[in-house]
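Given next are the chains, with one letter for each unit.
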Amino acid sequence: MFIKKHWRLFAIITILLIGIIAGSAWGFNRYYASLLTPVDKGSHRTITVTVPPGASVRDISHILEKKGLIRKAWAFEFYARWNHLNTYRSGTYVFNRTMSVGMLINDLKKGAHHELILVVDVRQGMWVSEIAQQMAEVSKLDEKDILQKLSNHAYIKAHYMKKYPLLTNEILTGGIKYPLEGYLAPGIYRFKADKKNPLTIDRMVDQMLDQTKETIANDSSEIAASSLGSVHKILTLASLIEQEAPDSKNRQKIAGVFFNRLKLNMRLQTDPSVAYGLQRRIRDYTQKDLRTDTPYNTYTRSGLTVGPIGAPAQDAIQAVLNPVKSNNLFFYARPNGKVYYSKTYTEHQKIVAKYRHEWAEK
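Residues numbered from 1 in each chain as written. Predicted model: local features only at pLDDT ≥ 70, side-chain atom pairs only at ≥ 80, totals over all residues. Heavy atoms only, no water.

Caption draft 1: Up close: the overall build of the protein chain. When helices and strands are counted, the protein chain shows 16 helices and 6 strands. When each of the 362 residues of the protein chain is scored for burial, the buried share is 44%. Accessible area of the protein chain: about 19,900 Å², with a carbon and sulfur share of 55%. (Helix = DSSP H or I, 4+ residues; strand = E, 2+ residues; numbered from the N terminus. Buried < 20%, exposed > 50% of the residue type's maximum accessible area, 1.4 Å probe, protein only. Areas by Shrake-Rupley, 256 points an atom, 1.4 Å probe, with all protein chains shown as cover.)

Right, dumping it as structure tokens:
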């Protein structure tokens, strides 16, 4: 009887252990299977991956994990080794997060590089010097050569001014650092590139100028009615507003302030113009910065800057064309995006005294 009871207990424990082990194995298999699925079925954004010659399965697994194409490097490596898939072709691949581990491995084995898409992301407010850096990175062209061409009047005339009537002689005014500053429209630009169709400076710049051309064409009637008198001046003022205002509503209000100051021949005194003239992004301006004269410094010179100080977004251009009328002559923007407007210098100074420390602490 004693033996019988213990035998039953042993049998029950054994069955439980088998169940636990089986359950754990099933749970692990389910978890492992989930690691082989696409990371994001909704994301078709292309991701470029370079597999160097001689890379091992482990090397490739870590490259893919770092790029966010797989969930776990060990799962990729285990799958590859378990299925005896240990040989891959080196090169540059274009993948996306909708691809499973199996699909990635299949392309790597075949050397299916697909079509290489290069992306230049021009963010609003970017300077030509910053855009050139991106252009160099994606195209593998020399950044200094790009900047040299984009500052060369003869090159600008021959390659762009003949094709784009919106580029008038105003862009060649003395003191302008880069003639196309403000004309390279913000946007995400995608280019197909291969040995037969290499990515050139002109291919990139033309797409950006095409976008600006379209924007100007859409606003042609408002531009013709503007008191500023030219596309160049409109883009110049829009670029100042771009750097100062956090949203469309405030951009229109700030445009109104700038127009009021221009009518009274008051200096615009906008800090971003100082930064552009010095070609240095500045967070906390010193008196030396503000007093250093350049063709762009609106503290030392009256009127608009000699040219744009960056790439203005469409709503900044719209703000210039549709400013909010008021009697305000001053504004102050806090780091949190809140903008205060005032009619007198005394009011303005009180606001500055209250909130200026926030920029130093940021």
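Caption draft 2: Representation of helix α14 (residues 314-321) in the model. If you check which residues of α14 are buried, you get A316, I317, A319, V320 and L321. Where α14 is buried, its residues meet α8 (201-218), α9 (220-225), α10 (231-244) and α11 (248-263). (Contact = heavy atoms within 4.5 Å.)

Caption draft 3: Inspection of the nonpolar core at higher detail. Of all hydrophobic cores here, the largest spans 73 residues; its most connected members are M135, Y160, L167, L180, V205, M208 and L209. Dropping the residues within four chain positions of it, V205 is found in contact with M135, L150, Y160, L180 and L184. Residues I47, V51, Y88 and Y93 belong to the second largest nonpolar core, which totals 23 residues. (Core = buried A, V, L, I, M, F, W, Y, C linked by side-chain atoms within 4.5 Å.)

Caption draft 4: Molecular detail of the pattern of salt bridges. Counted by the stated rule, this structure contains 10 salt bridges. Between E77 and R81 there is a salt bridge, with the nearest N and O atoms lying 3.1 Å from each other. One end of the pair is E77 and the other is R81, both in helix α3 (residues 73-82) and 4 residues apart, which spans about a single turn. For E77, a relative accessible area of 10% puts it in the buried group. A salt bridge links R280 to D289; its shortest N-O distance comes to 2.9 Å. Given a relative accessible area of 39%, R280 falls into the partly exposed group. (Salt bridge = Lys/Arg side-chain N within 4 Å of Asp/Glu carboxyl O.)

Caption draft 5: Fine view of the pairing of strand β6 (residues 339-342). Bridging between strand β5 (residues 330-333) and β6 involves 4 bridges; their strand directions are antiparallel. What sits directly across from F331, in β6, is Y341. Between β5 and β6, which follow one another and run antiparallel, lie 5 residues, and G337 among them has a positive phi close to 95°. (Pairing = 2+ DSSP bridges.)

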